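Residue-level listing of the chains:
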Amino acid sequence: MTSILNRFNNLTQRIIAAVIGAPILLFLIIYSPYTYFAIFFILTLLTQMEFYNLVRLHGILPLRFLGCFIGAIIFCLTFFVETGEIDGKYAFLVFPLLATIFFIKLYKKNEKNPFTNIGFTFLGIIYVAVPFALLNFIAFSRGEYHWEIIVGLLLILWASDTGAYFAGVNFGKTKLFERVSPKKSWEGSVGGALTSLAMAYGLSMYFTVLPLWEWLSVSVIIIVAGTYGDLVESLFKRSMEIKDSGKSIPGHGGFLDRFDGLLLSVPFIIVFLRLL
(Lines give C-alpha, C1' and ligand atoms only; values in the text may rest on other atoms or scores of the structure.)
Protein backbone atom coordinates (compact mmCIF):
# COMPACT_ATOMS: atom_id res chain seq x y z
CA MET A 1 0.00 0.00 0.00
CA THR A 2 2.76 2.43 0.95
CA SER A 3 4.72 1.65 -2.23
CA ILE A 4 1.63 2.46 -4.31
CA LEU A 5 1.07 5.78 -2.53
CA ASN A 6 4.72 6.74 -3.00
CA ARG A 7 3.99 7.15 -6.70
CA PHE A 8 1.90 10.24 -5.92
CA ASN A 9 3.00 13.70 -4.80
CA ASN A 10 2.96 14.66 -1.11
CA LEU A 11 -0.44 16.38 -1.17
CA THR A 12 -2.13 13.45 -2.91
CA GLN A 13 -0.58 11.05 -0.42
CA ARG A 14 -1.85 13.18 2.47
CA ILE A 15 -5.37 13.21 1.07
CA ILE A 16 -5.49 9.46 0.35
CA ALA A 17 -4.06 8.56 3.77
CA ALA A 18 -6.57 10.86 5.48
CA VAL A 19 -9.54 9.53 3.50
CA ILE A 20 -8.61 5.96 4.42
CA GLY A 21 -7.24 6.38 7.93
CA ALA A 22 -9.46 9.05 9.49
CA PRO A 23 -12.81 7.21 9.07
CA ILE A 24 -11.32 4.02 10.55
CA LEU A 25 -9.96 5.91 13.55
CA LEU A 26 -13.22 7.81 14.10
CA PHE A 27 -15.30 4.63 13.78
CA LEU A 28 -13.23 2.87 16.45
CA ILE A 29 -13.58 5.85 18.80
CA ILE A 30 -17.35 6.01 18.28
CA TYR A 31 -18.11 2.27 18.31
CA SER A 32 -17.33 1.64 21.99
CA PRO A 33 -14.99 2.75 24.77
CA TYR A 34 -13.08 -0.51 24.34
CA THR A 35 -12.40 -0.03 20.63
CA TYR A 36 -11.28 3.51 21.52
CA PHE A 37 -9.02 1.99 24.15
CA ALA A 38 -7.60 -0.56 21.70
CA ILE A 39 -6.69 1.90 18.95
CA PHE A 40 -5.13 4.47 21.27
CA PHE A 41 -3.28 1.77 23.17
CA ILE A 42 -1.71 0.71 19.85
CA LEU A 43 -1.01 4.34 18.87
CA THR A 44 0.70 4.95 22.22
CA LEU A 45 3.03 2.00 21.73
CA LEU A 46 3.81 2.81 18.09
CA THR A 47 4.47 6.48 18.77
CA GLN A 48 6.61 5.81 21.82
CA MET A 49 8.65 3.14 20.01
CA GLU A 50 9.10 5.55 17.10
CA PHE A 51 10.48 8.16 19.52
CA TYR A 52 12.96 5.68 21.01
CA ASN A 53 14.08 4.46 17.59
CA LEU A 54 14.75 8.03 16.50
CA VAL A 55 16.93 8.89 19.49
CA ARG A 56 18.88 5.67 18.98
CA LEU A 57 19.91 7.03 15.58
CA HIS A 58 21.78 9.73 17.49
CA GLY A 59 23.71 7.24 19.59
CA ILE A 60 21.38 7.41 22.61
CA LEU A 61 20.38 4.08 24.19
CA PRO A 62 17.04 4.35 26.02
CA LEU A 63 15.39 1.28 27.48
CA ARG A 64 12.90 0.97 24.63
CA PHE A 65 10.88 -2.04 25.70
CA LEU A 66 10.73 -1.16 29.38
CA GLY A 67 9.79 2.44 28.51
CA CYS A 68 7.01 1.23 26.20
CA PHE A 69 5.85 -1.29 28.83
CA ILE A 70 5.58 1.44 31.46
CA GLY A 71 3.81 3.70 28.95
CA ALA A 72 1.33 0.90 28.22
CA ILE A 73 0.74 0.33 31.95
CA ILE A 74 0.06 4.05 32.48
CA PHE A 75 -2.40 4.11 29.59
CA CYS A 76 -4.20 0.99 30.83
CA LEU A 77 -4.35 2.18 34.44
CA THR A 78 -5.85 5.55 33.56
CA PHE A 79 -8.46 3.96 31.32
CA PHE A 80 -9.60 1.25 33.73
CA VAL A 81 -9.57 3.62 36.70
CA GLU A 82 -11.87 5.95 34.74
CA THR A 83 -14.20 3.09 33.78
CA GLY A 84 -14.32 2.07 37.45
CA GLU A 85 -13.04 -1.44 36.73
CA ILE A 86 -10.00 -1.07 39.00
CA ASP A 87 -9.30 0.99 42.08
CA GLY A 88 -7.26 4.16 41.70
CA LYS A 89 -4.79 2.93 44.33
CA TYR A 90 -3.20 0.65 41.71
CA ALA A 91 -1.83 3.75 39.96
CA PHE A 92 0.93 3.67 42.57
CA LEU A 93 2.36 0.64 40.76
CA VAL A 94 3.81 3.03 38.21
CA PHE A 95 6.38 4.44 40.64
CA PRO A 96 8.36 1.24 41.37
CA LEU A 97 8.28 0.49 37.64
CA LEU A 98 9.86 3.87 36.96
CA ALA A 99 12.51 3.17 39.60
CA THR A 100 13.54 -0.03 37.81
CA ILE A 101 14.89 2.12 34.94
CA PHE A 102 17.71 3.23 37.26
CA PHE A 103 18.35 -0.30 38.54
CA ILE A 104 18.67 -1.78 35.04
CA LYS A 105 20.98 0.95 33.78
CA LEU A 106 23.17 0.43 36.86
CA TYR A 107 24.05 -3.04 35.54
CA LYS A 108 24.53 -1.97 31.92
CA LYS A 109 28.25 -2.11 31.15
CA ASN A 110 30.24 0.03 28.72
CA GLU A 111 27.69 2.86 28.43
CA LYS A 112 29.35 6.24 28.10
CA ASN A 113 26.31 8.33 29.07
CA PRO A 114 23.98 6.20 31.23
CA PHE A 115 22.08 9.16 32.68
CA THR A 116 21.47 10.57 29.21
CA ASN A 117 19.96 7.20 28.28
CA ILE A 118 17.90 7.18 31.48
CA GLY A 119 16.72 10.72 30.74
CA PHE A 120 15.54 9.83 27.24
CA THR A 121 13.78 6.73 28.56
CA PHE A 122 11.79 8.97 30.90
CA LEU A 123 11.27 11.53 28.14
CA GLY A 124 9.60 8.92 25.93
CA ILE A 125 7.16 8.20 28.75
CA ILE A 126 6.47 11.84 29.63
CA TYR A 127 6.39 13.24 26.10
CA VAL A 128 4.37 10.45 24.46
CA ALA A 129 2.71 7.99 26.85
CA VAL A 130 1.45 10.42 29.48
CA PRO A 131 -0.42 12.73 27.03
CA PHE A 132 -2.09 9.71 25.40
CA ALA A 133 -3.03 8.44 28.88
CA LEU A 134 -4.51 11.85 29.75
CA LEU A 135 -6.89 11.41 26.81
CA ASN A 136 -8.68 8.85 28.98
CA PHE A 137 -9.43 11.52 31.59
CA ILE A 138 -10.72 13.78 28.81
CA ALA A 139 -12.93 11.03 27.36
CA PHE A 140 -14.53 10.49 30.78
CA SER A 141 -14.44 14.14 31.89
CA ARG A 142 -18.25 14.29 32.04
CA GLY A 143 -18.62 11.22 34.23
CA GLU A 144 -18.96 8.60 31.50
CA TYR A 145 -17.40 7.84 28.14
CA HIS A 146 -18.18 10.59 25.62
CA TRP A 147 -16.70 9.79 22.23
CA GLU A 148 -17.90 13.21 21.03
CA ILE A 149 -15.13 14.95 22.98
CA ILE A 150 -12.32 12.81 21.55
CA VAL A 151 -13.72 13.02 18.03
CA GLY A 152 -14.13 16.76 18.46
CA LEU A 153 -10.52 17.21 19.59
CA LEU A 154 -9.25 15.32 16.56
CA LEU A 155 -11.50 17.19 14.12
CA ILE A 156 -10.40 20.55 15.54
CA LEU A 157 -6.75 19.49 15.37
CA TRP A 158 -7.12 18.24 11.79
CA ALA A 159 -8.97 21.39 10.77
CA SER A 160 -6.17 23.48 12.25
CA ASP A 161 -3.49 21.45 10.45
CA THR A 162 -5.37 21.53 7.14
CA GLY A 163 -6.08 25.25 7.30
CA ALA A 164 -2.48 26.01 8.23
CA TYR A 165 -1.17 23.84 5.40
CA PHE A 166 -3.23 25.41 2.62
CA ALA A 167 -2.95 28.97 3.96
CA GLY A 168 0.80 28.53 4.31
CA VAL A 169 1.22 27.12 0.81
CA ASN A 170 -0.87 29.85 -0.83
CA PHE A 171 -0.19 32.92 1.29
CA GLY A 172 2.77 32.13 3.55
CA LYS A 173 5.40 34.87 3.51
CA THR A 174 6.13 35.88 7.11
CA LYS A 175 8.17 33.23 8.94
CA LEU A 176 6.72 32.06 12.23
CA PHE A 177 9.83 30.50 13.82
CA GLU A 178 12.45 30.21 11.12
CA ARG A 179 15.23 28.93 13.37
CA VAL A 180 13.23 25.81 14.20
CA SER A 181 10.82 25.38 11.26
CA PRO A 182 11.65 27.44 8.15
CA LYS A 183 8.46 26.48 6.28
CA LYS A 184 5.94 27.58 8.91
CA SER A 185 4.44 31.05 8.50
CA TRP A 186 2.20 33.44 10.39
CA GLU A 187 -0.24 33.35 7.50
CA GLY A 188 -0.47 29.59 7.84
CA SER A 189 -1.06 29.90 11.57
CA VAL A 190 -3.87 32.39 11.03
CA GLY A 191 -5.46 30.10 8.45
CA GLY A 192 -5.23 27.18 10.85
CA ALA A 193 -6.74 29.23 13.67
CA LEU A 194 -9.72 30.27 11.55
CA THR A 195 -10.50 26.73 10.37
CA SER A 196 -10.06 25.43 13.92
CA LEU A 197 -12.50 27.96 15.37
CA ALA A 198 -14.97 27.30 12.55
CA MET A 199 -14.81 23.56 13.26
CA ALA A 200 -15.36 24.19 16.99
CA TYR A 201 -18.42 26.31 16.22
CA GLY A 202 -19.83 23.60 13.96
CA LEU A 203 -19.19 20.90 16.55
CA SER A 204 -21.07 22.85 19.22
CA MET A 205 -24.27 22.53 17.18
CA TYR A 206 -24.10 18.72 17.05
CA PHE A 207 -21.98 17.64 20.02
CA THR A 208 -23.79 19.29 22.91
CA VAL A 209 -21.77 17.46 25.57
CA LEU A 210 -19.75 20.72 25.68
CA PRO A 211 -21.31 24.17 25.26
CA LEU A 212 -20.10 26.55 22.55
CA TRP A 213 -17.75 28.51 24.81
CA GLU A 214 -15.99 25.32 25.91
CA TRP A 215 -15.56 24.08 22.33
CA LEU A 216 -14.13 27.47 21.37
CA SER A 217 -11.84 27.43 24.41
CA VAL A 218 -10.58 23.95 23.50
CA SER A 219 -10.00 25.22 19.97
CA VAL A 220 -7.89 28.12 21.26
CA ILE A 221 -5.85 25.71 23.39
CA ILE A 222 -5.22 23.51 20.34
CA ILE A 223 -4.31 26.53 18.20
CA VAL A 224 -1.69 27.73 20.70
CA ALA A 225 -0.42 24.53 22.31
CA GLY A 226 -0.74 22.57 19.07
CA THR A 227 1.45 25.09 17.26
CA TYR A 228 4.05 24.83 20.00
CA GLY A 229 3.77 21.04 19.86
CA ASP A 230 4.54 21.16 16.16
CA LEU A 231 7.51 23.45 16.77
CA VAL A 232 8.83 21.30 19.62
CA GLU A 233 8.70 18.22 17.41
CA SER A 234 10.47 20.18 14.64
CA LEU A 235 13.16 21.13 17.17
CA PHE A 236 13.46 17.48 18.16
CA LYS A 237 13.86 16.41 14.51
CA ARG A 238 16.47 19.10 13.87
CA SER A 239 18.43 17.99 16.93
CA MET A 240 18.28 14.41 15.61
CA GLU A 241 19.17 15.71 12.11
CA ILE A 242 16.16 14.08 10.42
CA LYS A 243 13.37 15.43 8.21
CA ASP A 244 10.43 13.26 9.30
CA SER A 245 9.91 11.10 12.36
CA GLY A 246 9.08 8.17 10.08
CA LYS A 247 7.22 6.97 7.00
CA SER A 248 4.41 5.10 8.70
CA ILE A 249 1.68 7.44 7.39
CA PRO A 250 2.22 8.34 3.70
CA GLY A 251 2.29 12.09 3.16
CA HIS A 252 2.25 12.77 6.89
CA GLY A 253 5.54 11.25 8.05
CA GLY A 254 5.52 9.22 11.24
CA PHE A 255 3.20 8.98 14.22
CA LEU A 256 5.06 11.77 16.02
CA ASP A 257 4.53 14.01 12.99
CA ARG A 258 0.81 13.26 13.03
CA PHE A 259 0.18 13.61 16.77
CA ASP A 260 2.75 16.25 17.81
CA GLY A 261 0.10 18.95 18.23
CA LEU A 262 -2.10 16.65 20.30
CA LEU A 263 0.70 15.64 22.67
CA LEU A 264 1.25 19.19 23.94
CA SER A 265 -2.41 20.24 23.75
CA VAL A 266 -3.81 17.44 25.91
CA PRO A 267 -2.21 18.52 29.25
CA PHE A 268 -3.78 21.97 28.91
CA ILE A 269 -7.14 20.60 27.76
CA ILE A 270 -7.40 18.23 30.72
CA VAL A 271 -6.71 21.10 33.14
CA PHE A 272 -9.40 23.19 31.42
CA LEU A 273 -12.05 20.43 31.38
CA ARG A 274 -11.40 18.90 34.80
CA LEU A 275 -10.25 21.85 36.93
CA LEU A 276 -11.50 25.07 35.37
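Details of the structure are given in the entry above.
Let me begin by describing the structure that accompanies this report. What you see is a predicted model, and the numbers here were worked out from it, not measured in a lab.

Cut-offs applied
Residues numbered from 1 in each chain as written. Predicted model: local features only at pLDDT ≥ 70, side-chain atom pairs only at ≥ 80, totals over all residues. Heavy atoms only, no water. Axes fitted to C-alpha atoms, helices over the stretch in contact; angles between N-to-C directions. Helix = DSSP H or I, 4+ residues; strand = E, 2+ residues; numbered from the N terminus. Parallel < 35°, antiparallel > 145°, perpendicular 65-115°, else oblique. Left-handed = near helix turned anticlockwise from the far one by under 90°. Contact = heavy atoms within 4.5 Å. Nonpolar A, V, L, I, M, F, W, Y, C, P; charged D, E, K, R; others polar. Buried < 20%, exposed > 50% of the residue type's maximum accessible area, 1.4 Å probe, protein only. Disulfide = S-S within 2.5 Å. Phe/Tyr/Trp six-rings, centres within 6.5 Å; stacked < 30°, edge-to-face > 60°. Pairing = 2+ DSSP bridges. Patch = residues over 30% accessible without salt bridge, like charges linked within 9 Å, V, L, I, M, F, W, Y side chains within 5 Å. Areas by Shrake-Rupley, 256 points an atom, 1.4 Å probe, with all protein chains shown as cover. Salt bridge = Lys/Arg side-chain N within 4 Å of Asp/Glu carboxyl O. Expected span 1.5 Å × (residues − 1). Bend = angle between axes of the 7 residues up to and from the residue.

A look at the packing of helix α8 (residues 186-206) against helix α9 (residues 212-240)
Right, on to step 1. Where α8 meets α9, the closest approach of the two axes is 9 Å, and the angle between their N-to-C directions is 155°. In terms of orientation, α8 lies roughly antiparallel with respect to α9. Read as a crossing pair, α8 and α9 show a hand that is right-handed. Taken together, the residues of α9 that come into contact with α8 (itself represented by A193, S196, L197, A200, Y201, L203 and S204) are L212, W215, L216, S219, V220 and I223.
Right, on to step 2. The residue inventory of the contact of α8 with α9, partitioned by class, reads 10 nonpolar, three polar and no charged.

Observations concerning the environment of Y34
Right, on to step 1. Tracing the backbone shows Y34 in helix α3 (residues 33-56).
Right, on to step 2. The class for Y34 is partly exposed, based on a relative accessible area of 42%.
Right, on to step 3. Each C-alpha atom, one on Y34 and one on F79, is 9.5 Å from the other, the two residues being 45 residues apart in sequence.
Right, on to step 4. The contact partners of Y34, leaving out residues within four places of it in the chain, are F79, F80 and E85.

Looking at the state of the cysteines
Right, on to step 1. On inspection of all chains with the given rule, the structure shows zero disulfides.
Right, on to step 2. C68 supplies the cysteine sulfur nearest to C76, a cysteine that is in no disulfide, at a spacing of 13 Å.

With respect to the packing of aromatic side chains
Right, on to step 1. Per the counting criterion, the structure on display carries 24 aromatic pairs.
Right, on to step 2. Here F92 and F95 contribute two aromatic rings whose centre-to-centre distance is 6.3 Å and whose plane-to-plane angle is 40°, an arrangement assigned as tilted. Of the two residues, F92 and F95, both sit in the exposed class.

So, the environment of I118
Right, on to step 1. Checked against the element boundaries, I118 lands in helix α6 (residues 114-139).
Right, on to step 2. When the C-alpha positions of I118 and F103 are compared, they lie 10 Å apart, and in sequence the two are 15 residues distant.
Right, on to step 3. Aside from chain neighbours lying at most four places away, what touches I118 is I101, F102 and K105.

Quick word on the packing of α6 against helix α10 (residues 255-274)
The relative placement of two packed helices is expressed as an angle between their axes plus a distance between the axes.
Right, on to step 1. Contact geometry of α6 with α10 gives a least axis separation of 9 Å together with a crossing angle of 50°. The angle between α6 and α10 falls in the class oblique. In this structure, the crossing between α6 and α10 has a hand that is left-handed. Between α6, through Y127, V128, P131, F132, L134, L135, F137 and I138, and α10, the contact on the second element is made entirely by L256, F259, L262, L263, L264, V266, P267, I269, I270, L273 and R274.
Right, on to step 2. Among the residues making up the contact of α6 with α10, the classes are represented as 18 nonpolar, no polar and one charged.

As for the pairing of strand β2 (residues 181-185)
Right, on to step 1. Pairing of strand β1 (residues 175-177) with β2 involves two bridges; the strand directions are antiparallel. Residue pairing for β2: K175 is matched across the bridge by S185.
Right, on to step 2. Hairpin connection from β1 to β2: three residues lie between these consecutive antiparallel strands.

A closer look at a nonpolar patch on the surface
Right, on to step 1. Nonpolar side chains collect at one region of the surface, where I15, V19, I20 and I24 lie side by side and expose about 370 Å² of accessible area between them.
Right, on to step 2. Within the secondary structure layout, I15 lies in helix α2 (residues 10-31).

With respect to the pattern of salt bridges
Right, on to step 1. Under the criterion given, the structure shown has seven salt bridges.
Right, on to step 2. Across the pair K237 and E233 runs a salt bridge whose closest N-O atoms are separated by 3.6 Å. Taken together, the residues K237 and E233, both in helix α9 and four residues apart, mark about one turn of the helix.
Right, on to step 3. Overall, K237 belongs to the buried group, its relative accessible area being 11%.

Here's the deal with α6
Right, on to step 1. For α6, spanning 26 residues, the distance from its first C-alpha to its last is 37 Å, which sits close to the expected 38 Å at 1.5 Å a residue.
Right, on to step 2. At A129, α6 shows its maximal kink, close to 35°; a proline, P131, follows between one and four residues later.

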